[in-house]
Amino acid sequence: MAVAAALAGVASCNSSSTSEAVTELDGSAIVKSFTLVENEKVLPDLDSVFFAIDLVNGEIYNADSLPKGTRIAALAATITTDNASAVTLYIPRPGKTDSIVDYLQHTTDTIDFSNGPVRLEVVSLNGLTKKNYNVRVNVHNVVSDSLCWGSTAFAPLAAPAGTVKQRTVKQGSYIYTFGSTGSSYSLAATGDMAAWQQQAFTPGFDMDVNTITATEDAFYALSEADGTLYSATAPAGPWTSRGIHFHHLYGGYGTELLGLCTDVNNQPGIVSYPSMRQVDAPEGFPVAGTSPAVTLEAPMATSAQMIIVGGIDSDGGNSADAYGYDGTRWARLTSDAGKRLPKALSGIALAPYYSLRARVVEWKPEVFPTLLTFGGREESGEINTVVYMSRDWGMNWVKADSLLQPGPDMPATHGAQALVESHTMNVARSAALWTETGMPCRLPVGARLEGAAASRAIAPVTEWEAPYIYLVGGYDASGNLNAEMWRGVINRFTFTPIQ
């Protein structure tokens, strides 16, 4: 605008042959701001909704769409110009001529945005310049913050037919799926959850595939017969016995493995391996059936925190608690009954994901790191189908919003693994691997993700990253392997980002 004003000033000192340039750059035909008038009956803080103004293409729109169902048929607007001589709104009416509103004479009239773009015509103070804008009030066609699984978004497990046990772990940038048919073993690796490379795999011992755990520099597993600990620096081995016995492995913390060792002073104890440092555990600490551990960088913590949820305690009952390990000691994160999981479960799949909540001021979404649980088995043997969530690193748990619950086609399992991997949107996935038909959450064309309002991008955004949850394997109530992988994503993360 400053450049335009300067050029206009220079042009005005020249001959009349430059009048076309003066007309073209007349700033009084520019819309300086556009906002909606507050209307609590439509939406709280409606006047805080941000509208972008594209002067080059003549577009005015709210880049982050309003919530699904917002009524936009009668909204008043505040339009600011620089001494325009005329501001006229042409409001489309299907099957009829446009309704015309002289905004300077009727600033409080309501505008119907429900039938498409409203044409806004602004005439400069001298009457020589006329600029047209298309004004759009965008409303989501779907609920943007729902966890959209897609009823048939699944792929076969990366394991041969006849596999009865499975375990998927991540180390570095690669994901590995181990399988067992009871007489042979399998191993597959991927870097993108799309193309899997099969590897020859013979561990050389009676590996309990369900116990496979990865640290930053090694893989660990227990023998089926007596819980002997084996390790390998590469997933395909060679695997070497460590000569000690464990009852349960909780997870990896850096280069250390945390587990319930049966060789500590002739009685079970929580041990950090390979340092063999015994770690104190709180009363009621689970001894089996815990979720695969996740490690988070919590802002209130001085070090990374490994978290496990659920499991089976020493009395044989299920746990509804979450526990955290900070590199020195374990602590129960759920301090009282009202903050625990609503159900005591074993075999939970735990995902370090996100949830979104609309911030009233400016109607921009806030992204919260969120722990989500999937599946798990009750003491009765019934499989849980409810998703639970914690927005404070495992200290408080509630049933997740209805929009975060999985679809009815998602198989009910316990002992599954949950992984969160970014997928580059608008880049084709392996069509042969994933089946995506009957997608229930159809996304609106042109919907966008708030988060880059200050961007100065000079080219359209064609690719961006969206975090997908992958649920792999698991077992049904009868112990049969679910030989599939499922994935889901919050709708908003799939929307084209703002430029």
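Okay, so let's go over this structure. (Residues numbered from 1 in each chain as written. Predicted model: local features only at pLDDT ≥ 70, side-chain atom pairs only at ≥ 80, totals over all residues. Heavy atoms only, no water.)

## Comments concerning the overall build of the protein chain
- The helix and strand tally for the protein chain stands at two helices and 34 strands.
- In the protein chain, 60% of the contacts between residues at least 6 apart in sequence involve partners at least 24 apart.
- Entry remark: accessible area of the protein chain is about 23100 Å², with carbon and sulfur atoms responsible for 51%. (Helix = DSSP H or I, 4+ residues; strand = E, 2+ residues; numbered from the N terminus. Contact = heavy atoms within 4.5 Å. Areas by Shrake-Rupley, 256 points an atom, 1.4 Å probe, with all protein chains shown as cover.)

## Regarding the pairing of strand 18 (residues 240–253)
- By the bridge criterion, three bridges tie strand 17 (residues 228–232) to strand 18 in an arrangement that is antiparallel. Looking at the pairing, Thr228 lines up with His245 of strand 18.
- Counting the residues in the hairpin turn of strand 18 and strand 19 (residues 256–264) gives two residues, including Gly254, whose phi is positive at 65°. (Pairing = 2+ DSSP bridges.)

## A look at the packing of aromatic side chains
- Inspection of the entire model under this criterion finds 18 aromatic pairs.
- On the numbers, 6.1 Å between centres and 80° between planes, the contact of Tyr185 with Phe201 is edge-to-face. Of the two residues, Tyr185 is situated in strand 13 (residues 185–190) and Phe201 in the loop between strand 14 (197–199) and strand 15 (207–214); the sequence distance between them amounts to 16 residues.
- Taking the relative accessible area as the measure of exposure, Phe201 reaches 6% and is therefore buried.
- Members of the aromatic cluster, each reached through a chain of ring pairs, are Tyr174, Tyr176, Phe178, Tyr185, Phe201 and Phe219.
- Positioned over the ring face of Tyr90 is Arg119, at 3.9 Å from the centre of the ring.
- It is Lys131 that lies over the ring of Tyr133; its NZ or CZ is 5.9 Å from the centre. (Phe/Tyr/Trp six-rings, centres within 6.5 Å; stacked < 30°, edge-to-face > 60°. Buried < 20%, exposed > 50% of the residue type's maximum accessible area, 1.4 Å probe, protein only. Lys NZ or Arg CZ within 6 Å of the ring centre and 35° of its normal.)

## Considering the nonpolar core
- Core analysis: the largest hydrophobic core is formed by 38 residues, its most contacted members being Met193, Trp196, Tyr353, Leu372, Phe374 and Met485.
- Counting only elements with at least two residues in this core, the list comes to strand 26 (349–359), strand 27 (364–374), strand 30 (417–425), strand 32 (464–472) and strand 33 (484–490).
- Setting aside residues up to four positions removed in sequence, Trp196 forms contacts with Ala158, Ile175, Thr177, Ala188, Ala189, Thr190, Leu433 and Met485. (Core = buried A, V, L, I, M, F, W, Y, C linked by side-chain atoms within 4.5 Å.)

## A short note on the sheet that holds strand 14
- A sheet is described by the order of its strands in space; here four strands give the open sequence 11-12-13-14, paired in antiparallel fashion. In this open sheet, the two strands that pair with only one neighbour each are strand 11 (165–171) and strand 14. Here the strands of the sheet are splayed against their neighbours by 25° on average, with no regard to which way each runs. (Axes fitted to C-alpha atoms, helices over the stretch in contact; angles between N-to-C directions.)

## Side note on unusual backbone geometry
- Residue Pro238 follows Gly237 across a cis peptide bond; omega there is 10°.
- Omega for the bond connecting Tyr273 with Pro274 falls within 30 degrees of zero, at 20°, which places this linkage in the cis form.
- Residue placement: Pro274 occurs in the loop between strand 20 (267–273) and strand 21 (277–278).
- Even without being a glycine, Met193 presents a positive backbone phi close to 60°.

## Comments concerning the environment of Pro235
- Tracing the backbone shows Pro235 in the loop between strand 17 and strand 18.
- For the pair Pro235 and Phe178, spaced 57 residues apart in sequence, the C-alpha separation works out to 8.8 Å.
- Not counting residues up to four positions away in its chain, the partners in contact with Pro235 are Tyr176, Phe178, Leu187, Phe201 and Phe219.

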